[in-house]
Structures are given as C-alpha cells and as structure tokens.
There are 2 protein chains.
Amino acid sequence: MKRLQAEIIAVGTELLLGQIANTNAQWISSQLADMGIDVYYHHTVGDNFKRLKQVINLAKERSNLIIVTGGLGPTEDDLTKEAAAAVLHKKLYEHQETLKEIETFFNKNQIPMTENNRKQAQVFEEAIIFPNHEGMAPGMFVETDETGWIFLPGVPREMKHLMLDHVIPFLHKQYKLQHHIASKVLRFIGIGESSLETKLSDLMKSQSNPTIAPLANEGEVTLRLTAKSDSKTECHHLISNLEEEVMKRVGKYCYGTDNDTIENTVFKLLKKNHYTISSAESLTGGKFIESLISLPGASSVVSGSIVSYGTDIKKDVLHVSQETIEQHGTVSEPCAREMALNIQQLMNTDVGISFTGNAGPDPSEGKPVGTVFIGLKIKGQPVEVKEYHFYGSREHIRSRTVKKGFELLYKKLK
Amino acid sequence: MKRLQAEIIAVGTELLLGQIANTNAQWISSQLADMGIDVYYHHTVGDNFKRLKQVINLAKERSNLIIVTGGLGPTEDDLTKEAAAAVLHKKLYEHQETLKEIETFFNKNQIPMTENNRKQAQVFEEAIIFPNHEGMAPGMFVETDETGWIFLPGVPREMKHLMLDHVIPFLHKQYKLQHHIASKVLRFIGIGESSLETKLSDLMKSQSNPTIAPLANEGEVTLRLTAKSDSKTECHHLISNLEEEVMKRVGKYCYGTDNDTIENTVFKLLKKNHYTISSAESLTGGKFIESLISLPGASSVVSGSIVSYGTDIKKDVLHVSQETIEQHGTVSEPCAREMALNIQQLMNTDVGISFTGNAGPDPSEGKPVGTVFIGLKIKGQPVEVKEYHFYGSREHIRSRTVKKGFELLYKKLK
C-alpha cells in the first residue's frame, strides 16, 4: 500500500474570523502522529461553496487520507457534503437509521424537529457511517481511487467521540497500520537554541529516524526525539541510543524529560534534600514563590515570601540596611545579598533566594531597564549574587528573571 | 484598488504533529477582521522546502494579501525565506542594521553569537523591514504584482509585537482601508453569564447591527458590541445607542470597557484615592500582589506582601496570635482578620488585604477544599472578612480567590 499522506481540512467562517482557534486540527494531528501517519497540511476554509470545492479538489490531488471537519450541520451555511459530493462525484441520500436517531433525539428532548434537520441524515453513497452519540450529524468514510475521506462534525466534543470510538480503530484496520511512533522530549536550561544546535548539528543533519526537533521558549530549549518503526520496542531502542549520544554532548544542561518543568524539577530537588525555601522578591512581585505554591504538596517545602516592592519595605520589614540602600541603591549586588540572607534568617529556611532589579518601563536609580540581581543563600554556604541584563517588555523581563532563579537553584541542587 | 482577499500561512512541523495549536492564525484573523479585511484561507505546512514552495505558490494564485508566520529562525529547519525567494523571484541579502541588532543582543547577554544567527538578518530585496524588539528575526513586507506579502516570526509574542506596532498601521496606510468595523467590550463582575443574558435576551435576539456577543471567563462576563458601517462615526453612534440601553439594565455590574481588567481598574482606583496597598497571602501565594506589580507604575501604589504559606510564618513574621491559630486554625475568619490588620500595620499602607483558605488537593484542619476567607482593612474603617466556597482544581480555586479579592476591593473603592 502507498504510504499515507494525510491532510486536515477545517470548514467554518468562524475560524477565518478568528473567533475560535483550530484546536480540532491540533488534536487530530496528535492522534495521527501517534498512529505513525504523516500529516502534511492543515487547510481552513469558510462556508463558501466555490472555495470549499477548490480546497477539497486540491486535497484530492496531493493527499491520500483527508479528514474534513465542520459544515455538516442543518443550516444553509453547512455546505461540506454538497461541495464534496460535487468534487468526489458521490451522490447523497437520506440515511434512514440516522434520520430515526435524529427524530428520537427531538422526541426525547420534547422539541419540535424543524425540517432542515433532515439534512443531517444525508450521507454519501457507499459510505461507511459512524453513528454520533454526542450529537446529530454522523461521521463518514468514503473512498475515491486510492484516497480515503473522513467527514466529521466540527464540534470538538462530537469530533473527538467519533475519532476515538470509530475512526481510529477503523483506520488501524483499513490501512493495516503496524507502524509505531514514539517520542521523547529532552528539556534544557542554561544553553541557547543556537549553541545547542551547533553542538548537535552533525546528528541533526544525519538523523532521519529518530528525528531531532529543537524548540526554544522563554529561556528554555527542548529537543523532541521521534522514532518510527514497526515495533514499539525498536522505537524505544532507537530513541534511547540517540538520547545517549545527545546526553554525552549536552547532558549537563538537561534538567528533565517530557512533562517535567524546571519548577517541578527544582521542587522535587528541594523535597529530596529536605530543604525549605523562602524568597524576597522585588521586581518579580511574588512570581517566583507563586510558581512553587501552585504545585500540590507545596506546604512541605515552601515557607513563604516577603514581596518588598517599596524601598521602605526592604528596610522596615526585610531589614536591608540603610547604608546599603543609600550607597548602592536597591538595584544592586549588596541589596540582593542582604535580601537573600535576611529572608533565609527571618523565615528560618534552608534556602533563601532574592530578586531585585528594574523591569521598566523607566530606568531607576540610574540602572537601565533589564538590570537584575539574584541572590541565593543556602544554609552553611556563603551567599551568591549574580547580575543579569534582560531585554524586552516588563512582563518578559520579570518572567526571565524568575526562570533564571530556577536555573540557578537547579544548578546548585542537582 | 482590488478588494483584499487575505490568506494566512503558518509554517512549522510542530503544528502538523499537533504539538501546538495554530493560535497565530486565529489572532491574526481577528485583527484583520477588525480592519474589515476578509480572510479566505488558513494554510499550514511543515518545514519542508518543496511543500512550502507549493503552498506559497498557491497563495500567490488565489490571494492578494498573504501573511506568513514561522520558519524565520536561525536553524536549518527554517526555510520560509528560501522557499519564498524561489517562488516570488526575490533575492535575499544580509540587512546590516538587523545584523547589528542581533550582534548587540548577543554582546549584551554575553553569549557567543553562533554563525547560523546571521541567517536571521537575511531579508528580501526591496522589502520594508519591521524591526523586532522582542526577538531577532525582523518582520518584512514585499510586493509581487498586486499582491502584498508579510513575513513574521512564529513566536506568538514576537508576532503580536510586530503586528500591533508595525504591520497593522502599515496596512491601514498601504491599502487606504475604509471599510469600518468597530467594537466595544463591556466588562462585568459580580453577575453570572446566564443572569446577564436573561436581562438582555430581547436585545440579543433583535439585534443584528450592532451584534451582542457574551463571553464568560473566570468569574467575569464580557459583552462585545460590534457594529459595521461605511463611516466610523456611524459605527460609534450605533454602538453608543446600544451601550446606553445595556447600561440601563445591568450597568451596576459593569467595571470597565475594552482592554480594562479588574486588576487595572482597581489599580487606578487605588491611585486616584492616593491609597497604598499590601497583602498577606496564604493559599494565593503572592498571586494577588503579583497582578498589581505586573502593571507599569506599580511602585506608587504597591508596598509589598508577606506570603505566609507556612503556619510558622503566619505566627512569626505576620504575628497572627497563637491563640487564634490554636482555637480557630489558619483557615478561619479570625485568622483572615488578623492577617489583614497586621499586614496593613506592618507595611504601613492604606489598604491591607488577606487571603487564607484551602486550595486542595486535600482537606486541611477539617476545612473542605475550596473554603476561603478574604479579609479587607481600609484605614479608618473596620476590618471586613468574607467567607467563600469555591469548586474545581487547585489552580481554579486560587485564581477565583484572587479575582474575588479584586471584586471586593472594586466594590469598596468605586
């Protein structure tokens, strides 16, 4: 059999108006990826007969498994079946079983059934019908030459029900899918996307199975290793061989895999060490401690925080010395140092971390926007203070600062 | 001029694997809709030279305004410019200003710039360049015959910055946009979506221009009024007539419009009253104070916070009495009362607000998950404490608690 090249068509003017995101395409794609089916295109078109025909016609030419969602409803806007009928040369007829189900639905809900609802019982000749238990329009499979077409309603709940309960098992059978696909995400911090890639460029060039896909996001980089094979064991074997080579080169920056986050990795390290933590936060405003408290079970690790945004609070509540503030200002190495030391003592924790800096929009105390100091005190060790210069919006600078705090802690605790 | 028929192309294999949803297409579409530009297609393609060329070529044939996002980065996967150069017959050259900005970025961050980053400075001949202040790859506009092409990075933060700060004003000018659409969002708190809809149901049924669209989200409800017309004045006139009728019925729940948030509305009210604020937070973990500190200019209003997550911190740092904790526990009316009073005195602010409760996953001190107390002390007024019972996940309970705190403050201050 020819290799499957899938395409997902979403029909609906609301998508083109930006009223909703095309989450159907994402969800279906991830299901197909798990089955080892390659998706080459997503295409979105409005409820317009001419353009719908054009999009269906294009799919017919370039793909051999096409999943169409949306436009199966009862209204005059719903034109998917009519357009497909014209392009695929398939007649539509009224499917009696489906019609009965629709009538039963209206009777049960004691709503009069309007005539336009009969339209939902129209199906293609020779189609395999997938009954819809979450709504009215059924799903369908039809074939033209060597191409398979699946039609599904656009309501995500109905579409997912039909995919999981009917379409996925059907595709496995129909296409004798034996293909397995497995992927593993490696998560890195403290290294940029481009240096990571430079260190792995030969692997990335030579590898086609497993593939290596990098993705950078807010101070972190991930690598997704994806393997395809006829056996699940072989998939995992391929991945672990490649992972070993990757880790040899850049393993020291890797903090976790798959659904790990730097926040829960640090949380687990704190827990393992039986460490408690507190923070003194100025520009970050509580964002650091908040990310730990958001994790279930936080109370065994997190004591609390003093958010000392105002200078007075740094002096009066956090006891940063008058001298430090006068001589160095609040955005300074000595201030970060005292903040870390004082919070650790005040809250009697094993770890104290401090954040002070200028997130903008205006320079303060003569320090440019983006200047940040992070202090870290671990019981029995001297305080350490690092200076950073971040760029971008206020929000971005604050997020990067918090992330950098987690990075520092990770390096210390691992 | 020919009517604009827009198309949005998203480039990235991660989209076809279903790892992320194409939220860029949605966001851009809604922006274009607001400008009265029709979007006819969204098309998504992977990082594959042949298929990229095919998709770009198709857009060239059927659309006259094409926005391409993604694939402008430094890696070998990033092929958008190369594929477009081939289809549009435009040469690429190294843009010196952009290169300097990229070099500056690396110097400032004290990271060695790898050679592949030069690729991000490649731009099309005759292109208008939109500098990117949130990242490295700039945006671009080029023209072929009567078709306009816009290229933007795929990172949503960078794409939005370039759209809002450069592309939208540019399109208005370039295409002398005259079709007008105006919308206004009314924001409500303290009323549910269904009661709001019941009070407005006749208006919602009879109105087609302007339309009324309700949306509920995390304890708030919004109504979007949208009017279309050939004149801007007429649009605003239609909207203000409808707004007047809506406000007559439900105006007392309306806290703001458009981009207002309950957080910045409360912030402005605090500022207007020359009030300073501090918070004592347990289950919310700093989330309340963080939402205020995230606003530019926070320093004139926010003093700080004590995040007293551990019971010891409530006693030792926030000075809640031993007696209160022993007799009533930390999730109690008296504890919230003392927390609000103490933080206001300790930080010497006009307003002190406190949050204590159980966000789950397990009951604590015999109090069921979702039990929350919020204390509010305003200088010269007695402390008030309210009790709530929220449902849902840990994250949801914590967010609802913070939102409820802002609602209470809003009612007090307005």
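Residues numbered from 1 in each chain as written. Chains lettered and ligands numbered in written order. Predicted model: local features only at pLDDT ≥ 70, side-chain atom pairs only at ≥ 80, totals over all residues. Heavy atoms only, no water.

Colleague: How would you explain the sheet that holds strand β9 (residues 180–189) of chain A if you had to name every residue and give the values?
Modeller: Residue and element names in this part refer to chain A. Within the open sheet, the four strands sit side by side as β10-β11-β9-β12. Their pairing is antiparallel. Either end of the sheet is taken by a strand with one partner, and the two such strands are β10 (211–217) and β12 (254–257). Along the sheet, successive strands turn relative to each other by an average axial angle of 25°, direction set aside. Here β9 runs beside strand β11 (residues 220–229); their pairing, made up of ten bridges, is antiparallel. (Pairing = 2+ DSSP bridges. Helix = DSSP H or I, 4+ residues; strand = E, 2+ residues; numbered from the N terminus. Axes fitted to C-alpha atoms, helices over the stretch in contact; angles between N-to-C directions.)

Colleague: Tell me about the packing of aromatic side chains, residues and numbers included.
Modeller: Scanning the model with the defined rule gives 17 aromatic pairs over all chains in all. A ring pair is formed by Tyr-388 of chain A and Phe-390 of chain A, whose centres lie 5.6 Å apart and whose planes are at 10°; its orientation type is stacked. There is no split in this pair, since Tyr-388 of chain A and Phe-390 of chain A are both buried. One Lys or Arg, Arg-51 of chain A, reaches over the ring of Tyr-40 of chain B and ends 3.5 Å from the middle of that ring. Over the face of the ring belonging to Tyr-41 of chain B we find Arg-62 of chain B, whose NZ or CZ atom lies 3.6 Å from the ring centre. (Phe/Tyr/Trp six-rings, centres within 6.5 Å; stacked < 30°, edge-to-face > 60°. Buried < 20%, exposed > 50% of the residue type's maximum accessible area, 1.4 Å probe, protein only. Lys NZ or Arg CZ within 6 Å of the ring centre and 35° of its normal.)

Colleague: Give a description of the domain arrangement of chain A that names residues and reports values.
Modeller: By a widespread convention, an interface's size corresponds to the accessible area lost as its parts come together. Residue and element names in this part refer to chain A. Taken as a whole, chain A is organised into domain 1 (5–175), domain 2 (180–257) and domain 3 (262–413). Relative to domain 3, the C-alpha centre of domain 2 lies at a distance of 32 Å. On the side of domain 3, eight residues touch domain 2, which itself brings seven residues to the contact. With both sides pooled, the region where domain 2 packs onto domain 3 buries about 750 Å², and carbon together with sulfur makes up 57% of that total. Our count for the domain 2 to domain 3 interface comes out at one salt bridge. We note a salt bridge from Lys-403 to Glu-220, for which the minimum N-O separation is 2.6 Å. At the boundary of domain 2 with domain 3, the tally comes to three residue pairs in polar contact (both at pLDDT 80 or more). Looking at the side of domain 2 that touches domain 3 residue by residue, the class counts come to three nonpolar, two polar and two charged. (Domains from an automatic or database assignment. Contact = heavy atoms within 4.5 Å. Buried area = accessible area lost by both parts, 1.4 Å probe. Salt bridge = Lys/Arg side-chain N within 4 Å of Asp/Glu carboxyl O. Polar contact = N/O pair within 3.5 Å; in protein donor to acceptor, adjacent residues only side chain to side chain. Nonpolar A, V, L, I, M, F, W, Y, C, P; charged D, E, K, R; others polar.)

Colleague: Quick one: what's the story with the interface of chain B and chain A, residue by residue and with numbers?
Modeller: Residue-level contacts link 67 residues of chain B with 69 residues of chain A. Summed over both sides, the interface between chain B and chain A buries roughly 5300 Å², with carbon and sulfur atoms accounting for 56% of that surface. When the buried surface of chain B facing chain A is broken down by residue, Leu-16, Ile-293 and Tyr-309 of chain B rank first, second and third, together holding 11% of it. Summed over the shared surface of chain B and chain A, the result is five salt bridges. Linking Glu-290 of chain A and Arg-398 of chain B is a salt bridge whose minimum nitrogen-to-oxygen distance equals 2.5 Å. Taken together, the elements giving at least two residues each to the side of chain B that touches chain A come down to α1 (13–16), α2 (23–34), β2 (38–45), α3 (49–62), α5 (96–108), α10 (287–293), β14 (302–308) and α14 (394–413) of chain B. Of the residues contributing to the side of chain B that touches chain A, the split by class is 28 nonpolar, 27 polar and twelve charged. Pairing analysis gives five bridges linking strand β14 (residues 302–308) of chain A to β14 of chain B, with the strands arranged antiparallel. Its bridge partner being in β14 of chain B, Val-307 of chain A is matched across the sheet by Ser-305 of chain B.

Colleague: A description of unusual backbone geometry should follow, citing residues and the corresponding values.
Modeller: In the segment running from Gly-360 of chain A into Pro-361 of chain A, the intervening peptide bond is cis, with an omega of 10°. At Glu-126 of chain B, a position not held by glycine, the phi torsion is positive, near 65°. Along the polypeptide, Glu-126 of chain B turns up in the loop between β5 (122–124) and β6 (128–130).

Colleague: An account of the nonpolar core is requested, with residue identities and associated values reported.
Modeller: Within the largest apolar cluster, 72 residues are counted, with the highest numbers of intra-cluster contacts made by Ile-277 and Phe-288 of chain A together with Ile-277 and Phe-288 of chain B. Ala-85, Val-123, Met-140 and Trp-149 of chain B belong to the second largest nonpolar core, which has 27 residues in total. (Core = buried A, V, L, I, M, F, W, Y, C linked by side-chain atoms within 4.5 Å.)

Colleague: I'd like a rundown of the pattern of salt bridges, residues and numbers included.
Modeller: Residues and elements named next belong to chain A. Within the structure shown, the criterion is met by 45 salt bridges over all chains. With its nearest N and O atoms 3.0 Å apart, the salt bridge here joins Glu-94 to Arg-118. Separated by 24 residues along the polypeptide, Glu-94 in strand β4 (residues 92–94) and Arg-118 in the loop between α5 (96–108) and β5 (122–124) bring together distant segments of the chain. Residue Arg-118 is classed as partly exposed on the basis of its relative accessible area, which comes to 28%.

Colleague: I'd love a proper account of the environment of Leu-200 of chain A, names of residues and values included.
Modeller: Residue and element names in this part refer to chain A. Among the secondary structure elements, Leu-200 is positioned in helix α7 (residues 193–206). Classification of Leu-200 by relative accessible area gives buried; the value is 0%. The sequence separation of Leu-200 and Ser-354 amounts to 154 residues, and the corresponding C-alpha distance is 35 Å. When residues no more than four places from it in sequence are discounted, the contact partners of Leu-200 are Leu-223, Val-246, Arg-249 and Val-250.

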